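Commentary on secondary and tertiary structure
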Amino acid sequence: MINKELNIAIIGGGIGGLTAGIALQKAGFAPRIFERAPEFGEVGAGISMSPNATLGLESLGFADFLNGHANEPLEQRLYHGETGELLQAIDRRDCRDTYKAAYCQLHRADLLNMLIDGFGRENCAMVKSLTAIESGDDGVTLTFEDGTSERVDVAIAADGLRSVVRDSLFDNEPPEFSGHVAWRALVPAEKLSALSVDRFNINHLGTGRNIVSYPVRGTQLVNIVALTKADEWAEESWNAKAEKSELAQHYEGWADYVQDLLEAIPGDELYRWGLFVRKPLDTWISGRTALLGDAAHPMLPYMGQGASCAIEDGVILGRAFTAANTPDEALKIYRDTRIERASLLQRESNLGGERLQAINPDAFRDTPIKNEDSLGIFAYDPVTVPLVV
Ligand SMILES: Cc1cc2nc3c(=O)[nH]c(=O)nc-3n(C[C@H](O)[C@H](O)[C@H](O)COP(=O)(O)OP(=O)(O)OC[C@H]3O[C@@H](n4cnc5c(N)ncnc54)[C@H](O)[C@@H]3O)c2cc1C
């Protein structure tokens, strides 16, 4: 059994870092999070959590919170972008029976606040931007922008797509623009039709673009995610405020439902993200440091699995530290249990855009969709999947 006094640092307090922190606490450890930002924060947008993630969150004690704050879509519906014809409806009513956990849609801020309260703000050091890391066989030295440094036994790097830790210890090839762009907004439900507010996940498809909507905060708000293509990402920042008129150009001639969504977006609340990718790694461990979440396996959002995968990582990390006799063994169990699964999610998510956008939407009328459900991705249970020891 590992000494519970082990000094564990988590770099980054996003969904991945916080989940890992809570899972380690449940395993009896007292990790600390070092977060760059002065305040925790998530973008104003929705997020979907598939059963593989909700199983993990429930195991950490969040079942009641999810029941109270998330809604469960009845169906995921695919529509023809231009004609508005319903092409396919994927039943989600039976998720709890089939996968023993719900498929949830919720506000990102609600999810993040749940995790912060679960982990405890007092266990987080804010405005701690990691600038350098040295990771050896017996410990890790962290250096921060404010000139301070910390010596810890183990570091978990959950510092996102542009991970300083990944760049320093694993792979310094910069993230590459994928050619995909995401536009996000939240719209008050009263500005929209009853269909948008109903508990459906609605996806309008066309060649080279699609647009998804679903309600969050009960049905008070509607989350809109539009996905388009671009040859390059010219902006310095990877996310930026955007003009509605610019987004509307991508959906000219599309169905009334889509026009109503675009019309309802509040003028100054549309954001645009260039989506960047990095190659899968052969290992996530260097000395006593391991990567987790987007730092380890960033993926395009076409299957809604990035945060779910980070949650799976966190749950398995906690189990690995319970099962192992040494910190090195724990990191190895974590990596060996996770890397194949995460690489699969990364690969399939990155292909998801081509599947949804490359073919004529008419094809979806008769062809069963290859998605996270049909690929068996929902059936993974991070709480019971055998650890690779
Ligand atoms: C348009 C879009 C829609 C998506 N929809 C879904 C969805 O429906 N379902 C789903 O499961 N996933 C979805 N995702 C993916 C999901 O958002 C990410 O995979 C997830 O948020 C990654 O969490 P993380 O904690 O690993 O990284 P991040 O959220 O990037 O968190 C990293 C944290 O580390 C901090 N940090 C960074 N550098 C440093 C440093 N040097 N020192 C200290 N702290 C640092 C950051 O401030 C941040 O708090 C979507 C993504 C996009 C772009």
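Going by the structure above, here's the rest.
Residues numbered from 1 in each chain as written. Predicted model: local features only at pLDDT ≥ 70, side-chain atom pairs only at ≥ 80, totals over all residues. Heavy atoms only, no water.

Examining the sheet that holds strand β4 (residues 75-80)
Taken in spatial order, the eight strands make up an open sheet running β5-β4-β13-β14-β15-β12-β17-β16, and their pairing is mixed. The open sheet is flanked by β5 (86-91) and β16 (239-241), the only strands paired with a single partner. Each strand axis lies, on average, 20° off the axis of its neighbour in the sheet, ignoring direction. In this sheet, strand β15 (residues 221-229) lies alongside strand β14 (residues 209-216) in antiparallel orientation, the contact comprising seven bridges. Among the inter-strand pairings, isoleucine 211 is bridged to a residue of β15, identified as alanine 226. Against the sheet, helix α11 (residues 327-357) makes contact with β12 (176-188), β13 (200-206), β14, β15 and β17 (271-277), and its axis sits at roughly 70° relative to β13, the strand it touches most. (Pairing = 2+ DSSP bridges. Helix = DSSP H or I, 4+ residues; strand = E, 2+ residues; numbered from the N terminus. Axes fitted to C-alpha atoms, helices over the stretch in contact; angles between N-to-C directions. Contact = heavy atoms within 4.5 Å.)

Structural notes on the sheet that holds strand β7 (residues 124-125)
Pairing within the open sheet is mixed, and its six strands lie in the order β7-β2-β1-β11-β19-β18. Edge positions in the sheet fall to β7 and β18 (285-286), since each of these pairs with one other strand and no more. Across two bridges, the pairing between β18 and strand β19 (residues 289-291) is antiparallel. Within β19, the position partnered with isoleucine 285 by the bridge is alanine 290. The strands touched by α11 are β11 (154-157), β18 and β19; relative to β19, the strand with the most contacts, the crossing angle is about 15°.

A word on the site of the ligand
Residues in contact with the ligand amount to 31 residues; listed here are only the nearest, Gly16, Glu35, Arg108, Asp294 and Ser308. A distance of 2.8 Å is found between an oxygen atom of the ligand and a side-chain nitrogen or oxygen belonging to arginine 108. If the ligand stood free it would expose 1000 Å²; the protein chains cover 86% of that surface. Where the shell around the ligand is concerned, the elements lending two or more residues are α1 (15-26), β3 (46-49), β12 and α10 (306-323). The residue makeup of the shell around the ligand, split by class, is 12 nonpolar, 12 polar and seven charged. (Near = heavy atom within 4 Å. Polar contact = N/O pair within 3.5 Å; in protein donor to acceptor, adjacent residues only side chain to side chain. Areas by Shrake-Rupley, 256 points an atom, 1.4 Å probe, with all protein chains shown as cover. Nonpolar A, V, L, I, M, F, W, Y, C, P; charged D, E, K, R; others polar.)

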